[in-house]
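Structure at a glance
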Amino acid sequence: MKFETRAIHAGQEPDKLTGAVVVPIYQTSTYAQPEPGRDLGHEYTRTSNPTRDALQTCVAALEGAGHGVAFASGMAATSTVMTLFESGDHIISTDDVYGGTSRVFGTVFRGFGLHYTHVDTSDLEAVEAAIRPATKMIWVETPTNPLLVVSDLVKLAELAHAHGLLLAVDNTFMSPALQRPLELGADLVVHSTTKYIGGHSDVVGGFVATNDDDLADRLAFAQNAVGAVPGPFDSWLTLRGVKTLGIRMRAHEENAGQVARFLVEHSAVEDVLWPGLPEHPGHAVQQRQATGSGGVVSFRVRGNQEKACRVCSKTKLFVLAESLGGVESLIEHPAIMTHASVPAEQRRARGITDNLIRVSVGIEHIDDLLADLDQALLG
Ligand SMILES: *Cc1c(COP(=O)(O)O)cnc(C)c1O
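This write-up is about the structure you can find in this document. As the structure is a computational prediction, the values presented were derived from the model and not from experiment.

1. Observations regarding the site of the ligand
As a matter of local geometry, the ligand sits amid 13 residues, with Gly74, Asp170, Ser192, Thr194 and Lys195 nearest to it. Contact distances for the ligand include 2.9 Å between an oxygen atom and a backbone N or O atom of Gly74. Contact distances for the ligand include 2.8 Å between an oxygen atom and a side-chain N or O atom of Ser192. When the ligand is considered free in solution it has 380 Å² of accessible area, and contact with the protein chains removes 92% of it. Considering only residue class, the shell around the ligand consists of four nonpolar, six polar and three charged.

Right under this line is the structure:
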């Protein structure tokens, strides 16, 4: 089955009891047992729930994975992956990693004795130099947020496996419609399904997919043991969103490309970061490992922070808000909003300058989006 077909049918056969075409919301915490110790496939919803099962089967199928586990948020997914490790273990992570990921690594899991080194994972030598005897995993986000730095997943998988390490990829920005890290050699794929997979800014969720049976068993155990599971209604909303993932990503990609090219030509814009542009340093790798560059575009305005803030406040269709990946276009100022927790010096060193703006390009009509950006940039 092709991707778009799997999105609509994988795990979503008509309900056996009633014939319901859409997977029902099994809003129940527990299940009747015909006799003690014998259940009909489910015993308690933290452990399993039919609506969540359908979501797990569907998203795993989209990532080309044999196994998938759903979580209450992207951070719950990331945190549960960390329970696979022990005090003293070392993990190498992308430096430009999602803010919440860097926070949970640096505070919560550091407190449990896990060690992290943040490096530019687009630089393979830097990654190799960071490997220690205690290293267990390389954690990669590509493209990164908000600078859209691209890391080569095939080369990172080779490097990881040559040293007996796992490669985990946070694939939130691409979604399986554009990039499937397991096919490129990764061991684990992690998602905030809050973004493109859910796609409608109406539900928070997370996901981990793998083809490794042992990792899958340990993750399923941890999902139940730790208990950071999504409820049946959230699972259902995510499943409803994912049906249109293929068609939405094509629309995001098309609009983002037009927005990026429009910004490149605009007199009020200094530079544009989007891997789909031929001049982007990660363009060739992006083309090799993904079928698109996604809907997030960052750019620097000519001028200072005040100018950037004015642009963010003047758009009418692009809503000034954090998050990304929904059908509606969003705009934000990373230095003040999503990346405020990164120390100013580090922000500047990385290139998260005060004139940087990030947009999540939605699937509205492109003419309206370009007109909105134009009036805000000239205002
Ligand atoms: C949003 C996001 C997360 C965290 O997901 P939540 O669902 O907000 O917990 C992790 N990684 C990336 C790349 C994200 O954009």
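Having put the structure on the table, let's press on.
2. Some details on the packing of helix α12 (residues 305–314) against helix α14 (residues 366–378)
For the pair α12 and α14, interaxial distance at closest approach is 8 Å and the crossing angle is 140°. What the angle tells us is that α12 and α14 run oblique. Considering how the two elements wind past one another, α12 and α14 form a crossing that is right-handed. Of the residues in α14, those touching α12 at Lys307, Val311 and Lys314 are Gln375, Ala376 and Leu377.

3. Examining the sheet that holds strand β11 (residues 330–332)
Taken in spatial order, the five strands make up an open sheet running β8-β9-β12-β11-β10, and their pairing is mixed. Of all the strands in the sheet, the pair left with one neighbour each is β8 (269–273) and β10 (319–320). Note that β10 and β11 share two bridges and pair parallel. Across the sheet, Val319 pairs through a bridge with Leu330, a residue of β11.

4. Focus on the side chain of Asp152
By the secondary structure assignment, Asp152 is in the loop between β4 (135–141) and α6 (153–162). Owing to a relative accessible area of 12%, Asp152 belongs among the buried residues under this scheme. A polar contact is formed between the side chain of Asp152 and the side chain of Arg288, at a distance of 3.0 Å. Discounting residues that sit within four places of it in the chain, Asp152 has contacts with Val285, Arg288 and Gln289.

5. Overview of a negative patch on the surface
Among the surface-exposed residues, Asp120, Asp123, Glu125 and Glu128 lie close enough to one another that they form a single negatively charged patch. Along the chain, Asp123 turns up in the loop between β3 (115–119) and α5 (124–130).

6. Here we look at the nonpolar core
Judged by nonpolar contacts, the single largest core of 29 residues is most densely connected at Leu62, Leu239, Val242 and Leu245. Of all the secondary structure elements, the ones that give two or more residues to this core are α1 (3–9), α2 (50–62), α7 (175–178), β7 (206–210), α9 (232–242) and α10 (245–265). The element that contributes the greatest number of residues to this core is α2, accounting for six residues. Each of two domains, domain 1 (3–242) and domain 2 (245–378), supplies a minimum of three residues to this core. When near neighbours in sequence (up to four residues on either side) are disregarded, Val242 contacts Ala7, Cys58, Val59, Leu62, Ile197 and Arg248. Core analysis: the next-biggest nonpolar cluster, separate from the first, contains 26 residues, Ala256, Phe318, Ile331 and Leu373 among them.

About the cut-offs
- Residues numbered from 1 in each chain as written.
- Predicted model: local features only at pLDDT ≥ 70, side-chain atom pairs only at ≥ 80, totals over all residues.
- Heavy atoms only, no water.
- Near = heavy atom within 4 Å.
- Polar contact = N/O pair within 3.5 Å; in protein donor to acceptor, adjacent residues only side chain to side chain.
- Areas by Shrake-Rupley, 256 points an atom, 1.4 Å probe, with all protein chains shown as cover.
- Nonpolar A, V, L, I, M, F, W, Y, C, P; charged D, E, K, R; others polar.
- Axes fitted to C-alpha atoms, helices over the stretch in contact; angles between N-to-C directions.
- Helix = DSSP H or I, 4+ residues; strand = E, 2+ residues; numbered from the N terminus.
- Parallel < 35°, antiparallel > 145°, perpendicular 65-115°, else oblique.
- Left-handed = near helix turned anticlockwise from the far one by under 90°.
- Contact = heavy atoms within 4.5 Å.
- Pairing = 2+ DSSP bridges.
- Buried < 20%, exposed > 50% of the residue type's maximum accessible area, 1.4 Å probe, protein only.
- Patch = residues over 30% accessible without salt bridge, like charges linked within 9 Å, V, L, I, M, F, W, Y side chains within 5 Å.
- Salt bridge = Lys/Arg side-chain N within 4 Å of Asp/Glu carboxyl O.
- Lys, Arg positive; Asp, Glu negative; His and termini not counted.
- Charge placed at Lys NZ, Arg CZ, Asp CG, Glu CD.
- Core = buried A, V, L, I, M, F, W, Y, C linked by side-chain atoms within 4.5 Å.
- Domains from an automatic or database assignment.

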